[in-house]
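# Remarks on the overall topology
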Amino acid sequence: MSGTLKSLSAGFAVALTPLNLALAAIGAFVGTAVGALPGIGPLNAVALLLPLVYALKLPPESALIVLAAVYYGGGYGGRIAAILLNVPGDPSSVMTTLDGYPMARRGEGGLALSITAIGSFIGGVGATVLMILAAPAIARAALAFGPAEYVALMVFAFALLAGVGGTRPAKSIAAAAFGLLLSTVGTDSGTGIERFTFGELELLDGVDFTVVVIGLFAVAEVLTLIEERAARVSLVSTPLGRSFPAIGQILHTLPTMLRAALVGFVVGVLPGTGASIAATLSWTLERRLVDRTGTFGTGDIRGVAAPETADNAAQTGAMVPMLALGIPGSGTTAVLLGALMLYNITPGPLLFIQRPEIVWGLIASFVVGNVVLLALNLPLVGLFIRILALPPWALYPAVVACAFSGVWAVNNSVLDLFLAIAFGVLGWAGKKAGVPLLPMLLGLVLGRLIEDNIRRALALSGGEVFVLFASPIALGLWLFAFGILFAPRLLQRLR
Amino acid sequence: MTDRIVGTLFILVGGAAVFLAVSWEVPFAGDPVGPRVFPAVAGSVFVLCGAAIGFAPREGARWPSLRCLLLLVAAVLWLVAYAAMLRPLGFLPTTAAVLAGGALLFGARLIEAAAYGILGSVALWALIDRGLDIPLPRGVIG
């Protein structure tokens, strides 16, 4: 315990340096603003910022602090359009509309916004506290993982994604396989031979991760928006009402928020699930537990607080498997993981020992960022509401220009720009054809790690393949993975 | 139909990847697995999934109208032109054109689009090139 406190205070020393403090505040502001915009979510914002952050040669902990702040800042921003316009800014805000919009129509929009700001804060900070308590234990347990167990764990993560995602498993697995293939492009580290480079010098180092991210989450997003011609939403002009909740209202909602923080954290830690499941689960749970008069869904203050709290707690919880095991549970954490890999840093249990300034600096920055966000979102919420009135014609072309400057900034390469466009078309077509993008991103991020671990395990065993399944942990994970993939099909057959 | 095309594409791309991977010549083996196995296995999985999708297609994909598709093709060509012209013409003129054109596409008035293109490109350039000190291509200006 004292070791944890010592690490944490060292983390605050990192998070409170002027540069990192400023980055956390900027990230929180950008995240809220982008989260508030319809059509663009935190994932898009993180994708757009990633190449700039990398090109600026920020130290890794600073890069992670600003990108993470954009991510959880987006969780604060998503609620604004959900409450005021009945338009969820991202999937996890769908549940917020249920009680949030009725409140706004009653003229209690200000109250809904402020109570959810407090809820988001409790969710974010509560999950950070849980993370601080859990992280050392997870890291200790993960030390038992050798190469074979890592391979099994990553296969398990893919299986969860394919089985839980709701899309057709064959398409998820295909997407993952494509991502793995992409990760092999470039010079093989073991033997020095060129793989899939087609004689292109710029591909010797592989396909740049930032290029793929920009393509999939900025260019493809703009293509989708052109297709939908995002209908311009008009702001409801009901009075916001009082914008600070009374102490009694906070106390009335507090038990709900604390439970939602716990639910959100646990759901966020599990790979393959995410903020939208956490929000749904938490709203449903609270309706069962506290809704005695049937007011949930008609503008209950607890009904709007629960999903927003769980949303932010889940975002923070998703950082745990990313940092402790190197397994991202969501698109955004996959991008954050890829960002770490750009610095040649391999996340995992050893990260806690070798680079404590990154792990604990990031954890401490969660607290700092959430305090900034609470301050931004209580008195300054009017500023973000005004962002909603920005016309789409000003917004979406700017995404393209930012995306291209970002890709250019990394390598000054025209080929990278063409690749980003190609991945944009690929991402758009994939979405249309029901091929999910997340397994592909995960395959690209984890591919080298998986291959290296397989080759290391088999080098140790002298080529004996069974070593991959030899330990109980590895075997168990493989069995679980196959169970998740094939159990639903088998059950159907048996019936 | 979509699933049949997707499946066929997956089989072709995966098959090509496997073919390429198997044909690499490895001068010396650093480890028992070598660099060919992993891409070959991933490519095979890709082929198998393609077969599963292509031979048992399910409906559900909804493609946009021809008019919308043409608009998207135009948008992609617009992006390609932006990428190709960025270095020779420079960041400022290309970005101004892209911002203004994009704004028109999303329904801005001509005067709005022109002002937006000029102000937006200068603002971005000032922020990234001057503010963050990340050099952007100067082209005809530099």
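Analysis parameters
Residues numbered from 1 in each chain as written. Chains lettered and ligands numbered in written order. Predicted model: local features only at pLDDT ≥ 70, side-chain atom pairs only at ≥ 80, totals over all residues. Heavy atoms only, no water. Helix = DSSP H or I, 4+ residues; strand = E, 2+ residues; numbered from the N terminus. Rg over C-alpha atoms; globule rule 2.2 N^0.38 Å. Buried < 20%, exposed > 50% of the residue type's maximum accessible area, 1.4 Å probe, protein only. Areas by Shrake-Rupley, 256 points an atom, 1.4 Å probe, with all protein chains shown as cover. Lys, Arg positive; Asp, Glu negative; His and termini not counted. Charge placed at Lys NZ, Arg CZ, Asp CG, Glu CD. Contact = heavy atoms within 4.5 Å. Axes fitted to C-alpha atoms, helices over the stretch in contact; angles between N-to-C directions. Left-handed = near helix turned anticlockwise from the far one by under 90°. Nonpolar A, V, L, I, M, F, W, Y, C, P; charged D, E, K, R; others polar. Salt bridge = Lys/Arg side-chain N within 4 Å of Asp/Glu carboxyl O. Core = buried A, V, L, I, M, F, W, Y, C linked by side-chain atoms within 4.5 Å. Domains from an automatic or database assignment. Buried area = accessible area lost by both parts, 1.4 Å probe. Polar contact = N/O pair within 3.5 Å; in protein donor to acceptor, adjacent residues only side chain to side chain. pLDDT = per-residue confidence, 0-100. Expected span 1.5 Å × (residues − 1).

## Observations regarding the overall build of chain A
In terms of helices and strands, chain A carries 21 helices and 2 strands. Relative to the globule expectation of 23 Å for 495 residues, the C-alpha radius of gyration of chain A, 22 Å, shows essentially globular dimensions. The burial tally for chain A puts 61% of its 495 residues in the buried class. Summed over all atoms, the accessible surface of chain A reaches about 18100 Å², with 68% contributed by carbon and sulfur. For chain A, the distance from the average position of its 27 positive side-chain charges to the average position of its 24 negative side-chain charges is 10 Å.

## Some remarks on the overall build of chain B
Scanning chain B from N- to C-terminus turns up 5 helices and 0 strands. Along the chain direction, N to C, the helices and strands of chain B fall in the order α-α-α-α-α. The C-alpha radius of gyration of chain B comes to 23 Å, more than 25% above the 14 Å expected for a compact globule of 142 residues. C-alpha extents for chain B along the principal axes are approximately 60 × 45 × 20 Å. Counting only residues that meet the buried cut, chain B has 39% of its 142 residues in that class. Taking the contacts inside chain B whose residues are at least 6 apart along the sequence as the reference set, 57% of them involve residues at least 24 apart. By element, 73% of the accessible surface of chain B is carried by carbon and sulfur atoms, the whole surface being about 7900 Å². Charged side chains in chain B number 9 positive and 7 negative. The centres of these two groups are separated by 9 Å.

## Overview of the packing of helix H5 (residues 94-105) of chain A against helix H12 (residues 301-317) of chain A
Residue and element names in this part refer to chain A. Direction vectors running N to C along H5 and H12 enclose 145°, while the axes themselves pass 8 Å from each other. Of the two elements, H5 crosses H12, and the hand of that crossing is left-handed. Mapping the contact onto sequence places Met95, Thr96, Asp99, Gly100 and Met103 in H5 and Ile301, Gly303, Val304, Pro307 and Glu308 in H12. Residues of the contact of H5 with H12, tallied by class, amount to 5 nonpolar, 3 polar and 2 charged.

## Side note on the pattern of salt bridges
All names here are of chain A. With the rule as written, the count across this model stands at 14 salt bridges over all chains. The salt bridge partner of Asp300 is Arg302, with a shortest N-O separation of 3.0 Å. Owing to a relative accessible area of 6%, Asp300 belongs among the buried residues under this scheme. Classification of Arg302 by relative accessible area gives buried; the value is 11%.

## A few points about the nonpolar core
The biggest cluster of nonpolar side chains holds 189 residues, and the ones touching the most others in it are Phe209 and Phe404 of chain A. Looking at this core, the element that brings in the most residues is helix H4 (residues 60-85) of chain A, giving 16 residues. Two domains each put at least three residues into this core: domain 1 (2-55) and domain 2 (66-131) of chain B. Core analysis: the second largest hydrophobic core is formed by 6 residues, Ala260, Val267, Ala278 and Ala314 of chain A among them.

## Re the domain arrangement of chain B
Under the domain assignment used here, chain B contains domain 1 (2-55) and domain 2 (66-131). Just the C-alpha atoms count here: the centres of domain 1 of chain B and domain 2 of chain B sit 39 Å apart.

## Overview of the interface of chain B and chain A
Listed by partner, the interface residues are 66 residues for chain B and 62 residues for chain A. A combined buried area of about 5300 Å² lies between chain B and chain A, and 81% of that area is made up of carbon and sulfur atoms. In terms of surface lost to chain A, no three residues of chain B exceed Phe38, Leu79 and Phe106 of chain B, which account for 14% of the buried area on that side. At the junction of chain B with chain A, the criterion picks out 2 salt bridges. As a salt-bridge pair, Arg168 of chain A and Asp3 of chain B come within 3.4 Å of each other at their nearest N and O atoms. Our enumeration of links across chain B and chain A arrives at 6 residue pairs in polar contact (both at pLDDT 80 or more). When contributions to the side of chain B that touches chain A are tallied by element, the ones reaching two or more residues are helix H1 (2-23), helix H2 (37-55), helix H3 (66-89), helix H4 (91-105) and helix H5 (110-131) of chain B. If one sorts the elements of the side of chain B that touches chain A by residue count, H3 of chain B sits on top with 13 residues.

## So, the confidence of the model for chain A
Here chain A averages 83 in pLDDT, while 94% of its residues score no lower than 70. Of all helices and strands in chain A, the one with the weakest mean pLDDT is helix H15 (residues 349-354) of chain A (76), whereas helix H19 (residues 414-433) of chain A scores best (92).

## A few points about H3 of chain B
Along its 24 residues, H3 of chain B runs 33 Å from first to last C-alpha, staying within 8% of the 34 Å computed at 1.5 Å per residue. Every buried residue of H3 of chain B is accounted for by Cys68, Leu72, Ala75, Val76, Leu79, Tyr82, Ala83 and Leu86 of chain B. Looking at the packing, one finds that the buried side of H3 of chain B touches helix H9 (209-228), helix H18 (392-411) and H19 of chain A together with H4 of chain B. In the segment just after H3 of chain B, Gly90 of chain B is the residue with positive phi, at about 100°.

## So, H2 of chain B
The terminal C-alpha atoms of H2 of chain B, which comprises 19 residues, lie 27 Å apart, in line with the 27 Å expected from a rise of 1.5 Å per residue. If you check which residues of H2 of chain B are buried, you get Phe38, Pro39, Ala40, Ala42, Gly43, Phe46, Cys49, Gly50, Ile53 and Gly54 of chain B. Where the residues of H2 of chain B are buried, they touch helix H8 (169-183), strand S2 (194-195) and helix H20 (438-461) of chain A together with H1 of chain B.

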